[in-house]
Amino acid sequence: MAASNTFFTNAHDFNIQDAQFITHQTTFVQSPASILEPLEVLHNHRALEASHISKTAASAPKCKPGTRVKAIADLTAWAKELASDPNSSEHSMLWLRGPAGSGKTCIMREVTHNCLKDGLLAGDYFFSTRVPGLDDEAPFVATIVSHLITVMPAFTHTTRETIRNDPTIFEQSLEVQVEKLISRHISSIVSARIIVVDGFDECRDQKQRAHLLRLLYSLVTPPHSFRVIMASRPEYDIRTAFDRPPFKSITKILHLENYETSGEIYQYLSDEFTRICETHPAKQSIPSGWPGQDVLHTLTDKSSGIWVYPSTVIKYVDNPRRHPVQLLEHVLDASSTASSGRPFTELDSLYEIILNPPETDIPLMKRLLHVINQVTHFPLWVRLGQDSALVHQVLLAPNLDDFLFLEKGTTEMTLCDLHSVLSIAEGERPWIYFHHKSLQDYLCSSERAGKLYQRRVETHSDILTMCFRNLELWSHKLTAPNANFQTVDPILYYSCQVWKHLLTVEDCFPPSIRGFDARIAWRCFAFAQAFPPAGDFAEFAAIFHDAVCGEDAECCRCCASFRRMSHYRYSLDDIVRRNLSPMEMLAKFEEECQGLFTPLSMSVNSTTQLDDKGEFSPTTLPNPSSGSRGARNAGGDGPFILESASKTGGTHAPQETGPLPASERPRRWYHALFSCVT
């Protein structure tokens, strides 16, 4: 408060003689810390909501009784053992890592409660991006110290004196705070040694996370004897830190996804649906036995061991203003998600945060996610049977780089921040796969994924184009001088197999397909021993012509090369039956199919066909759009029966002959191969 510059305000009727006046201004500065009680200063700088005594903790979801028992027991046992005997293990830190939405926080709250009950808890800090202020490191030390003084009276006095002597301590670095508040008084800390840190990845700033890790390291090494239990998603910087010195040798790592949870999730869903049946206002109209074991198993399977999915389903269905049977139908019917009030709003919000990491090429990330999703779920693997392990080879990060013609390391660098939803090159399953099936559903929904949505046909077109490029690359490799490949490259084999099937997807054809010479694919098919059956190929040739060339007077280069290849299909079948090695197969193909590579004729009516004896004979291949479907089936006993559907998805009755409307495309293979793709 400043003094007034005016003397004798409102004074009158007096005289002052022989006086000297000096104006002096005094400013009074009041320091809040200097007048507050020291523990009040401490409490003003802690983050109460980050602790187990907060309102947030009181209202937070809890582990349902009987669930997550093994994980909770393992963490609690580790804490008890080390708290009683710090030398009982070489590990002074334990990292519980798990995918997003796997229930880590619920588990850590139970562990915190157990440690508190046993007198082992030195402090806890639950980071969160959903509660203001809990995504920052600043209150960390004050919050830990504020708990220590509640369990150790002797520590209270030293803390009060330290803050009284240095009231601005919480404006200083965290290292200084630890030194002055903890290190100098370590002898006062007797039994409470466990520090619980949850949601470490939700401390937003990676530099702060690195800083906190160094701080925690100082707390678990002499002169300190604390032990730390930490839980987080496996973000890149956190994984890297725990995989390198000094943390690698002192940290025990538990993978939450390794704990079996399907039985617990099934029981949780069963109990919750039973509760809804008993308490919902519309309980009289809920069918007996609803929702049934099949639905429970379906929901359990979709959960993939991640609790956020079933809990979100229950939250959505348990609406007293809507009928639960109808709401569950919305959940089960992906096509009605957009108009059902968005049952997965909570889950989608989580994915929106995860799938927008900073400094990431989002379009490239989107492309990779959709390619991985399609490769994973392509029904071809069911058809291949014993070759289904091929998908694992394709989804190795280096192989995916090769398949998509990306620089080495691009896939891993682009996806490095998505380890909470993807597994990338880890452990016994080194291929890339989604932790949670609901993320794949999310990506396939335009309503839910927004800018990350991509139509399935666009993904198919992308994959098909990459197959073209890989087949062209390998055709050049196989015809190079002294080529001698002893094994079939997985990318080549994948390109051969998928190329044949993706071409049958309606409207999947990229513009580049018209100029592609499909004959080079046959050379790759020979080497990879991946020829389609003769009958299948004949049918496919007619389908491809109708879909790509239609009523054009001339076939495109790709279609013409298909017609040329159809003349050799029985010869190719004969080569396949000889049980040759890849290079022998390739040599035999080049020897017996020399005519395959003579100049093409683009005319629709200029061709050569095999007669019923499998011999070449000049003939005319009718234009499928002129009335006849043209090619005959493998047995030569009648025309193809092709099922067609309009571009809008309507299915029509089978037709034996006659042209298809221009707006329609053959769909027999589409229905057979892609009926189970979302």
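Structure's up top.
Residues take numbers from 1 onward in each chain, read along the sequence in its written order. Confidence filtering applies because this is a predicted model: local features only for residues at pLDDT of at least 70, side-chain atom pairs given and counted only at 80 or more, and all residues used for totals across whole chains, interfaces and linings. To obtain the side-chain values, all non-hydrogen atoms of the structure were used and water was disregarded.

1. A short note on the overall build of the chain
Numbering goes from the N terminus for both helices and strands, where a helix is a DSSP run of H or I of at least four residues and a strand is a run of E of at least two. Within the chain, the secondary structure is distributed over 30 helices and eleven strands. A simple rule labels every residue: compare its accessible area, found with a 1.4 Å probe on the protein chains alone, to the largest value its type can have, and call it buried under 20%, exposed over 50%, or partly exposed in between. The proportion of buried residues among the 678 residues of the chain is 52%. Throughout, a contact is declared for two residues whenever any of their heavy atoms are within 4.5 Å. When contacts within the chain are restricted to residue pairs at least 6 apart in sequence, those whose partners lie at least 24 apart make up 72%. In short, Shrake-Rupley with a 1.4 Å probe defines the accessible areas, and a residue's cover is counted only from the protein chains shown. Total accessible area on the chain stands at roughly 31,800 Å², and carbon and sulfur atoms take up 51% of it.

2. Let's talk about the side chain of Asp201
With respect to the helices and strands, the residue Asp201 is situated in the loop between β3 (194–198) and α9 (206–219). The exposure class of Asp201 is buried, given its relative accessible area of 10%. We call two N or O atoms a polar contact when they sit within 3.5 Å, provided that within protein one can donate a hydrogen and the other can accept it, with sequence-adjacent residues counted only if both atoms are side-chain atoms. Within the structure, the side chain of Asp201 is placed 2.9 Å from the backbone nitrogen of Arg233, a separation counted as a polar contact. The residues touching Asp201, leaving out its near neighbours within four places in the chain, are Arg209, Ser232, Arg233, Glu235 and Ile238.

3. What to know about the sheet that holds strand β1 (residues 93–97)
One key point about sheets: their strands pair by backbone hydrogen bonds, in either a parallel or an antiparallel sense. For two strands to count as paired, DSSP must find a minimum of two bridges between them. Spatially, β2-β3-β4-β1-β5 is the arrangement adopted by the five strands of the open sheet, whose pairing is parallel. Unpaired on one side and paired on the other, β2 (121–126) and β5 (251–255) mark the two borders of the sheet. Strand-to-strand twist of the sheet, defined as the mean angle between neighbouring strand axes without regard to direction, takes the value 15°. With five bridges connecting them, β2 and β3 associate as parallel partners. From the neighbouring strand, Gly123 faces β3, where its bridge partner is Ile195. The angle between two axes is taken between their N-to-C directions and runs from 0 to 180 degrees, where each axis is a line fitted to C-alpha atoms and a helix contributes only its stretch in contact.

4. What about the packing of helix α12 (residues 293–303) against helix α13 (residues 308–317)?
The relative placement of two packed helices comes down to the angle between their axes together with the axis-to-axis distance. Two numbers describe how α12 lies on α13: the axes approach to 8 Å, and their chain directions differ by 130°. Judged by the angle between their axes, α12 and α13 are oblique. Taken together, the residues of α13 that come into contact with α12 (itself represented by Leu299, Lys302 and Ser303) are Tyr309, Pro310 and Val313. Among the residues making up the contact of α12 with α13, the classes are represented as four nonpolar, one polar and one charged. Note that the term roughly parallel is reserved for angles under 35 degrees, roughly antiparallel for angles over 145, roughly perpendicular for angles of 65 to 115, and oblique for everything else. Three classes are used, and their members are as follows: Ala, Val, Leu, Ile, Met, Phe, Trp, Tyr, Cys and Pro are nonpolar, Asp, Glu, Lys and Arg are charged, and the others, Gly among them, are polar.

5. Notes on the packing of α13 against helix α14 (residues 324–332)
With their axes 9 Å apart at the nearest point, α13 and α14 run at an angle of 140° to one another. The pairing of α13 with α14 is recorded here as oblique in orientation. As α13 runs across α14, the sense of the crossing is right-handed. Along its contact with α13, which presents Tyr309, Val313, Tyr316 and Val317, the element α14 presents Pro324, Leu327, Leu328, His330 and Val331. Grouping the amino acids of the contact of α13 with α14 by side-chain chemistry returns eight nonpolar, one polar and no charged. Take the far helix as the reference: if the near one is turned anticlockwise from it by less than a right angle, the crossing is left-handed, and if turned clockwise, right-handed.

6. As for the side chain of Asp417
By the element assignment, Asp417 lies in the loop between α20 (410–414) and β6 (422–423). Neither His nor the chain termini are counted; the positive set is Lys and Arg, and the negative set is Asp and Glu. Think of a salt bridge as a Lys or Arg side-chain nitrogen and an Asp or Glu carboxyl oxygen that are within 4 Å of each other. At 6.3 Å, Arg209 is the nearest oppositely charged side chain to Asp417, a buried residue that forms no salt bridge. Sequence-distant contacts of Asp417, defined by excluding residues within four places in its chain, comprise Gln206, Glu235, Tyr236, Pro357, Pro358 and Thr360.

7. So, the pattern of salt bridges
Counting across every chain of the model gives 19 salt bridges. The residue Asp201 makes a salt bridge to Arg233 at a minimum N-O spacing of 3.5 Å. Linking Asp201 in the loop between β3 and α9 with Arg233 in the loop between β4 (227–232) and α10 (236–242), this pair joins segments that are 32 residues apart in sequence. According to the relative accessible area criterion, Arg233 is buried, its value standing at 10%. Look at the salt bridges and you will find they share partners, linking Lys64, Asp271, Glu272, Arg275 and Asp318 into a network.

8. Concerning helix α15 (residues 345–354)
Considered for burial, the residues of α15 that qualify are Leu347, Asp348, Leu350, Tyr351 and Ile354. For α15, the buried positions fall inside an angular range of 155° around the axis, keeping them on one side. Buried-residue contacts for α15 involve α13, α21 (437–443) and α22 (446–449). Taking the helix axis as origin, the arc is that swept by the directions to the C-beta atoms.

9. A closer look at the packing of aromatic side chains
Aromatic contacts are taken between Phe, Tyr and Trp rings whose centres are within 6.5 Å, Trp giving its six-membered ring; a plane angle under 30 degrees counts as stacked, one over 60 as edge-to-face, and the others as tilted. Considering all chains together, one arrives at twelve aromatic pairs under this definition. Plain terms: the ring middles of Phe242 and Phe247 are 5.7 Å apart, the flat faces sit at 75° to each other, and that makes the pair edge-to-face. Both residues of the pair, Phe242 and Phe247, count as buried. Ring geometry for Tyr268 and Trp307: centres 5.5 Å apart, planes at 70°, overall edge-to-face. Of this pair, Tyr268 sits in helix α11 (residues 262–279) while Trp307 sits in the loop between α12 and α13; the two residues are 39 residues apart in sequence, bridging distant segments of the chain. Each member of the pair, Tyr268 together with Trp307, is buried. An aromatic cluster of at least three residues, connected via ring pairs, comprises Trp95, Tyr217, Phe242 and Phe247.

10. What to know about the environment of Lys104
Topologically, Lys104 is positioned in helix α5 (residues 104–117). The class of Lys104 is buried, set by a relative accessible area of 9%. Counting along the chain gives 127 residues from Lys104 to Ala231, while the straight-line C-alpha distance between them is 6.6 Å. The residues contacting Lys104, other than those within four sequence positions of it, are Leu96, Arg97, Gly98, Pro99, Asp198, Ala231, Ser232, Arg233 and Leu256. A polar contact is formed between the side chain of Lys104 and the backbone oxygen of Pro99, at a distance of 2.9 Å.

11. A closer look at the state of the cysteines
Count a disulfide wherever a pair of cysteine sulfur atoms falls within 2.5 Å. Counted by the stated rule, this structure contains zero disulfides. This cysteine, Cys496, is not joined by any disulfide, and Cys524 carries the nearest cysteine sulfur, 5.3 Å off. You can call Cys496 buried: its relative accessible area is 0%.

12. Concerning unusual backbone geometry
With omega at 10°, the peptide bond leading from Pro222 into Pro223 counts as cis. Position of Pro223 among the secondary structure elements: in the loop between α9 and β4. Cis geometry is found at the peptide bond from Trp290 to Pro291, where omega equals 5°. With respect to the helices, strands and loops of the structure, Pro291 is situated in the loop between α11 and α12. Even without a glycine there, the phi angle at Arg68 is positive, about 55°. Residue Arg68 is classed as buried on the basis of its relative accessible area of 5%. Non-glycine residue Ser304 carries a positive phi angle of around 50°. Structurally, the position occupied by Ser304 is in the loop between α12 and α13.

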